[in-house]
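Here is how the chains run, residue by residue.
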Amino acid sequence: MPTLGVNIDHIATIRQARRTVEPDPVAAAVLAELGGADGITAHLREDRRHIQERDVRLLRQTVRTHLNLEMAATDEMVAIALVLKPDYVTLVPERREEVTTEGGLDIVGQIARIGEVVDKLQGAGIPVSLFIDAEPAQIEASQTVKAKFIELHTGRYAEAKDETSRKQELDVLAAGCEQAIKAGLRVNAGHGLTYWNVYPVACLPGMEELNIGHTIVSRAALVGMERAVREMKLAMRGHQ
Ligand SMILES: CC(=O)[C@@H](O)[C@H](O)COP(=O)(O)O
Ligand SMILES: NCC(=O)COP(=O)(O)O
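Please read all numbers here as calculations on a predicted model, not as lab measurements.

**Student:** Would you mind going over the site of ligand 1 with me for this structure?
**Tutor:** Taken together, N7, D9, H10, H43, R45, H50, E70, V92, T100, T101, F131 and H191 form the complete shell of residues around ligand 1. Between H10 and ligand 1, the recorded distance is 3.2 Å, taken from a side-chain N or O atom to an oxygen atom. A distance of 2.5 Å is found between an oxygen atom of ligand 1 and a side-chain nitrogen or oxygen belonging to T100. The fraction of the free accessible surface of ligand 1 (350 Å²) that becomes covered by protein chains is 92%. Across the shell around ligand 1, the residue classes tally to two nonpolar, seven polar and three charged.

Here it is as structure tokens:
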């Protein structure tokens, strides 16, 4: 059964709605860990729409499980990561105008650049995960650049409109997972997972960690972070 990385971006979204100091994503991370989170994920976006540098600096000092820094493959973010030293980095695509991440990072089309960033970060002792679609060519390219992990983008599975489509997308994820493991990559997954669709993804053989944020923060707004995380851990084991 995979571990759970709780993405606390959208605690910061609530704070940034008023450009104020609450709710604090750092406090949310403490509560998430008390609720059973196995890791904390934070996405420091170029446009700083939610998580700020202050947040990741304090998270580095306070997270007791492991800290996954999501970031674009830019010089600015690489420099921040080399100072911050998160437990691992996940390279994700970014577009200012997007509401949220729209797809996986294109490794095939920028293999030299991604390889350079992976070498720099892993050379500094920071394992890299590549947030990609479950496409054979992207998985192969992830192996070529010697990333330690991939994170399979589960957005198409999560947005499937009916059971048939959802099963088809799950089969794509399962095939991607199998190909990646055969290639020696470690496999995580995330994006759009909820209490109601997480279990089949959690059951994929070899799945190491699920990074889940929006649905947990949404539930936490109503019942509190500790309970929301505890209930996600149960949902990952098939208990609604
Ligand atoms: C890469 C991914 O799917 C999310 O972890 C990412 O954080 C989405 O960006 P927002 O949190 O800004 O929606
Ligand atoms: N990489 C996925 C993640 O960290 C959280 O995505 P979401 O659950 O907020 O869609």
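And the narrative resumes.
**Student:** I tried to follow the nonpolar core on my own but got confused; where do I start?
**Tutor:** The nonpolar side chains of soluble globular proteins are, as a tendency, buried together. With 71 residues, the main nonpolar core has I40, L91, L121, L130, L210 and I216 as its most contacted residues. When residues of this core are assigned to their parent elements, the largest contribution, six residues, is made by helix 11 (residues 225-236). In contact with L130, other than residues within four places in its own chain, are L91, L105, I107, I114, V118, S142, V145, A147, F149, I150 and E151.

**Student:** What is the right way to look at helix 5 (residues 111-123) in this model?
**Tutor:** Residues that lie three or four places apart on an α-helix share one face, since the helix turns once every 3.6 residues. Between its terminal C-alpha atoms helix 5 stretches 17 Å, which fits the 18 Å expected from 13 residues at 1.5 Å a residue. Those residues of helix 5 that are buried lie in contact with strand 3 (67-71), helix 4 (75-84), strand 4 (88-91) and strand 5 (128-132). Note on helix 5: the residue one or two positions beyond its end, G125, has a positive phi of about 85°.

**Student:** What's the story with the UniProt feature "binding site: 1-deoxy-D-xylulose 5-phosphate" (unreviewed entry) in the protein chain in this structure? I'm lost.
**Tutor:** Per the UniProt record, "binding site: 1-deoxy-D-xylulose 5-phosphate" (unreviewed entry) is annotated on D9, H10, R45, H50 and T100. Over a stretch of 92 residues, the named residues converge on one spot in the fold, their C-alpha atoms separated by at most 12.3 Å. Position of D9 among the secondary structure elements: in helix 1 (residues 9-17). Taking the relative accessible area as the measure of exposure, D9 reaches 4% and is therefore buried. The contacts of D9, once residues within four sequence positions are left out, are T41, A42, H43, H50, I51 and E70. Within the secondary structure layout, H10 lies in helix 1.

**Student:** I'm lost on the site of ligand 2 in this one. Help?
**Tutor:** N7, T41, E70, F131, E151, G190, H191, G192, N211, I212, G213 and H214 make up every residue found near ligand 2. Here E70 contributes a side-chain N or O atom positioned 2.7 Å from a nitrogen atom of ligand 2. Measuring from an oxygen atom of ligand 2, one finds a backbone N or O atom of G213 at 2.8 Å. Protein chains shield 91% of the accessible area of ligand 2, which is 310 Å² for the free molecule.

Criteria and thresholds
- Residues numbered from 1 in each chain as written.
- Chains lettered and ligands numbered in written order.
- Predicted model: local features only at pLDDT ≥ 70, side-chain atom pairs only at ≥ 80, totals over all residues.
- Heavy atoms only, no water.
- Near = heavy atom within 4 Å.
- Polar contact = N/O pair within 3.5 Å; in protein donor to acceptor, adjacent residues only side chain to side chain.
- Areas by Shrake-Rupley, 256 points an atom, 1.4 Å probe, with all protein chains shown as cover.
- Nonpolar A, V, L, I, M, F, W, Y, C, P; charged D, E, K, R; others polar.
- Core = buried A, V, L, I, M, F, W, Y, C linked by side-chain atoms within 4.5 Å.
- Buried < 20%, exposed > 50% of the residue type's maximum accessible area, 1.4 Å probe, protein only.
- Helix = DSSP H or I, 4+ residues; strand = E, 2+ residues; numbered from the N terminus.
- Contact = heavy atoms within 4.5 Å.
- Expected span 1.5 Å × (residues − 1).
- UniProt positions renumbered as here; feature names shortened; annotations may be inferred.

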